[in-house]
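# Tertiary structure, described
Here is what each chain is made of, one letter per residue.
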Amino acid sequence: MTLSLTESRRRRLTLFAMCMATFMTSLDLTIVNVALPSMQSELHMGAAELEWVISAYSLSLAAVIPAGGALGDRYGRKRVFLAGMVVFSIGVVACAVAWNALSLIAFRAVQGVGGAAMLALGLSIITETYPKERRASAIGAWAAIGGTGFGAGPVGGGILLTFFGWQSVFWINLPFAALGIACTFLAVRESRNPQARRLDVPGIVLSALGLVCLTLGFVESADHPWGAAVVAFPLMAGVALLLAFFGWERRAPYPMMPPALLRARSFASASGIYLLCYGGMSGALFWVTLYFQDVAGWSVLRTGLSWLFMNIPFLTMAQFGGRLDSRFRSVTVATSGILLAAVGVFLLSRAGTTPFAVSALGYVLYGGGFGTFVPAVTHVAMRDVPAGASGAASGVLNASRQIGSSVCLAVLGAVGVNSAVSAWQEKTAGLDGAQRAQVLERSRDVGGGRLHTVVEALGEPFRQPAVDSFLHGYQLSIGIAAAATAVAAVLAWTGFRQRAGLPSAAPEPTTPESGAPEPSAAEPASAGPASAGSAGPRPAGGSSADEVTVAGKGLRPRP
């Protein structure tokens, strides 16, 4: 159903609805990070449970994004997008009234399901709504507003938490959700793809269960030994399920991840880059937030405001990303940006042993680097994707970001907590008897940054050993995040070089109900930094309409 509107107004309202959806999903990625210590204190959460607050959302996004795109193509993009906004809103309310850690984690997963539908279809709806000559500016506005949500999260969260409880970081989404739902219902036209591929249900189930089991094993290792059943069994099950997934994809009639995608070098490299960089980002921001609030004793407002050192350079460079990509080779822009981000993460790992000026510089380089490389990676990702595989490629590329944010966070969390616990046990090895047992009971509090509980239970003399132990795990974990980001730079340098004679991808023919040109699935929906990173003169994610025309003449875009 659409209201009687002029075409111009209908387009603006459609764009506004898509912007609200992107703003909410990107806002939720960062505003919750600032609230983690408050949740930890009020709900008595350990480090593993805190990781699940982030990972449950990311895993749901990763698992459902491919299904969301396929369902929208088959049953109607407006219908599935609107259902996603409603589910996301229900998840927001449920999270705000959560009564313990388990309920909060479960409701975060519900949020992720709704967010996946919005991310999978938002850009397709925009591209279907706007004609080719006006599409780039609309996508740029959509991407920039999404990046604004990412940057507004820490500051807005700090202000809200100064006056209200952690529940406020969820309630704040409701006004945006109400506006988005109303505009979608009234202005968005329904469209679908009558040639849509069938949904790969076995592939979706196997990949989702495998990722959940793998993440569960790594997260639980923060509270249990590696040999414990709650750690070892999920890890083995996760590996087995993912192997079964790859085996199924080789013989599935309609695979979620066609084998041809693995042979598309630029696409495979971009997926690996997103997995490593978003994984490093998720782990770094998780530990940085715990350090500044739980260890350094900063207020939530001061912590949120400190993120401006990262957000302002990120948003600034994102606006110039398209210009850089037009003046320099994409491989050079991408590699340089990733290296800047890697240096920034490394400087953040020195927090606690260096002045805050060093951390501030780390924020600046990290944000500026991310804003630089995301447009280039997004542009070149689809270059080698074969014709007919662009829809599946869009889902895989989006999912790689969320897999990095969830699985890599679990790995870095396990490394950091276990390293801090080992350091704590070494520093207190000289104690004996009842005092030694009491100290060991506080090991997981040290690893999770709950140092106030350690001091309350053991006394002020144990504060500095606890701080030093936490910093040992903190620095190792973020150091690994910096190394992973540097590996992504190597992957960009080696994987984004255009091979001579390589044909460009052709568009996948589809037909929306409205008769407007169908969006290329090479323009994947994105979340968080990737959203703003797409705000260049090209549509986010790859070939623009002009580049498709060039490819049809036997030429290829400049790498």
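Reading guide: rules and limits
- Residues numbered from 1 in each chain as written.
- Predicted model: local features only at pLDDT ≥ 70, side-chain atom pairs only at ≥ 80, totals over all residues.
- Heavy atoms only, no water.
- Helix = DSSP H or I, 4+ residues; strand = E, 2+ residues; numbered from the N terminus.
- Contact = heavy atoms within 4.5 Å.
- Buried < 20%, exposed > 50% of the residue type's maximum accessible area, 1.4 Å probe, protein only.
- Phe/Tyr/Trp six-rings, centres within 6.5 Å; stacked < 30°, edge-to-face > 60°.
- Lys NZ or Arg CZ within 6 Å of the ring centre and 35° of its normal.
- Axes fitted to C-alpha atoms, helices over the stretch in contact; angles between N-to-C directions.
- Parallel < 35°, antiparallel > 145°, perpendicular 65-115°, else oblique.
- Left-handed = near helix turned anticlockwise from the far one by under 90°.
- Nonpolar A, V, L, I, M, F, W, Y, C, P; charged D, E, K, R; others polar.
- Patch = residues over 30% accessible without salt bridge, like charges linked within 9 Å, V, L, I, M, F, W, Y side chains within 5 Å.
- Areas by Shrake-Rupley, 256 points an atom, 1.4 Å probe, with all protein chains shown as cover.
- Salt bridge = Lys/Arg side-chain N within 4 Å of Asp/Glu carboxyl O.
- Core = buried A, V, L, I, M, F, W, Y, C linked by side-chain atoms within 4.5 Å.
- Expected span 1.5 Å × (residues − 1).
- Polar contact = N/O pair within 3.5 Å; in protein donor to acceptor, adjacent residues only side chain to side chain.
- Arc of directions from axis to C-beta.
- pLDDT = per-residue confidence, 0-100.

### Looking at the overall build of the protein chain
Scanning the protein chain from terminus to terminus reveals 22 helices and zero strands. A separation of at least 24 residues holds for 83% of the contacts in the protein chain among residues at least 6 apart in sequence.

### Here we look at unusual backbone geometry
Located in the positive-phi region is His44, a residue other than glycine, with phi close to 55 degrees. Topologically, His44 is positioned in the loop between α1 (7-42) and α2 (47-75). On the accessibility criterion, His44 (59% relative accessible area) is exposed.

### Let's talk about the packing of aromatic side chains
Tallying each qualifying case throughout the model produces 18 aromatic pairs. Their ring planes at 85 degrees and their centres at 5.6 Å tell us that Tyr278 and Phe370 sit as a pair that is edge-to-face. Taken together, the residues Tyr278 in helix α11 (residues 265-295) and Phe370 in helix α15 (residues 356-380) connect sequence positions 92 residues apart. Under the relative-accessibility criterion, Phe370 is labelled buried at 4%. Through a chain of ring-to-ring contacts, three or more aromatic side chains come together here, namely Phe286, Trp287, Tyr291, Phe292, Trp298, Phe309, Phe356, Phe470 and Tyr474. For Arg108, the ring lying beneath its charged end belongs to Tyr57, and the centroid distance is 4.5 Å. A cation sits over an aromatic face here: Arg302 above Trp298, 3.9 Å from the ring centre.

### Remarks on the packing of α11 against α15
Look at α11 against α15: their axes get within 11 Å of each other, and the N-to-C directions meet at 155 degrees. As summarised for this structure, α11 and α15 are arranged roughly antiparallel, according to the angle between their axes. Seen along the crossing, α11 lies across α15 with a hand that is left-handed. Contact residues: α11 offers Ser266, Ala270, Ile273, Tyr274, Cys277, Tyr278, Gly280, Met281, Val288 and Phe292, while α15 offers Phe356, Ser359, Tyr363, Tyr366, Phe370, Phe373, Val374, Val377, Thr378 and Val380. Class assignment of the residues belonging to the contact of α11 with α15 gives a composition of 16 nonpolar, four polar and no charged.

### Considering a nonpolar patch on the surface
Residues Leu71, Tyr75, Leu199, Val201, Val205 and Leu209 make up a contiguous nonpolar surface patch of about 490 Å² in total accessible area. Only α2 and α8 (201-220) provide two or more residues apiece to the nonpolar patch. Considering each element in turn, the nonpolar patch owes the most residues, three residues, to α8. Relative to the helices and strands, Leu199 resides in the loop between α7 (173-187) and α8. With a relative accessible area of 34%, Leu199 lands in the partly exposed category.

### Points about the packing of α2 against helix α3 (residues 77-96)
In a pair of packed helices, the angle between the axes and the distance between the axes together describe the arrangement. As a packed pair, α2 and α3 sit with axes 8 Å apart at the nearest point and diverge in direction by 150 degrees. Accordingly, the angle class assigned to the pair α2 and α3 is roughly antiparallel. Between α2 and α3, the contacting residues are Tyr57, Gly68, Leu71, Gly72, Asp73 and Tyr75 on the first element and Arg77, Arg79, Val80 and Phe88 on the second.

### Regarding the environment of Val487
Checked against the element boundaries, Val487 lands in helix α20 (residues 463-495). Along the backbone, Val487 and Leu276 are 211 residues apart, and their C-alpha atoms lie at a distance of 7.9 Å.

### Describing the nonpolar core
Core analysis: the largest hydrophobic core is formed by 142 residues, its most contacted members being Met39, Leu104, Trp166, Phe170, Phe370, Tyr474 and Phe496. Sort the elements by how many residues they give to this core and α11 lands first, with 16 residues. Excluding residues that lie within four positions of it along the chain, Trp166 makes contacts with Ala35, Ser38, Met39, Glu42, Leu43, Cys95, Ala98, Leu104 and Leu161.

### Notes on the side chain of Gln475
Locating Gln475 in the fold gives a position in helix α20. For Gln475, a relative accessible area of 17% puts it in the buried group. When near neighbours in sequence (up to four residues on either side) are disregarded, Gln475 contacts Ser349, Arg350, Ala351 and Thr353.

### Description of the pattern of salt bridges
Considering all chains together, one arrives at eight salt bridges under this definition. Of the charged contacts in the structure, one is a salt bridge between Arg10 and Glu7, with a shortest N-O distance of 2.4 Å. Of this pair, Arg10 and Glu7 are both found in helix α1, three residues apart, which corresponds to roughly one turn of the helix. With a relative accessible area of 6%, Arg10 lands in the buried category. We note a salt bridge from Glu190 to Arg79, for which the minimum N-O separation is 3.9 Å. Taken together, the residues Glu190 in the loop between α7 and α8 and Arg79 in helix α3 connect sequence positions 111 residues apart.

### What about α8?
Here α8 spans 28 Å end to end across 20 residues, near enough to the 28 Å set by a 1.5 Å rise per residue. Burial analysis of α8 places 14 of its 20 residues in the buried class, the great majority of the element. Capping the start of α8, Asp200 holds a side-chain oxygen 3.2 Å from the backbone nitrogen of Gly203, two or three residues further along.

### Considerations on α7
For α7, spanning 15 residues, the distance from its first C-alpha to its last is 21 Å, which sits close to the expected 21 Å at 1.5 Å a residue. Within the sequence span of α7, burial applies to Asn173, Ala177, Gly180, Cys183, Thr184 and Ala187. Down the axis, α7 shows its buried residues gathered within 140 degrees of arc, on one side only. Contacts made by the buried residues of α7 are with α1, α3 and α6 (168-171).

### Focus: the confidence of the model for the protein chain
Confidence in the prediction for the protein chain averages 79 pLDDT; 83% of positions are at 70 or higher. Counting contacts from residues 500-559, a segment whose pLDDT is below 50, to residues more than four positions away or on other chains yields 160 contacts.

### Observations concerning the side chain of Thr485
Here Thr485 lies in helix α20. Each residue touching Thr485, except ones within four places of it in the same chain, is listed here: Cys277, Ile338, Ala341, Ala342 and Val345.

### Some thoughts on the environment of Gly112
Within the secondary structure, Gly112 is located in helix α4 (residues 101-129). For Gly112, the contacting residues outside a window of four places in its chain are Tyr57, Ser60 and Leu61.

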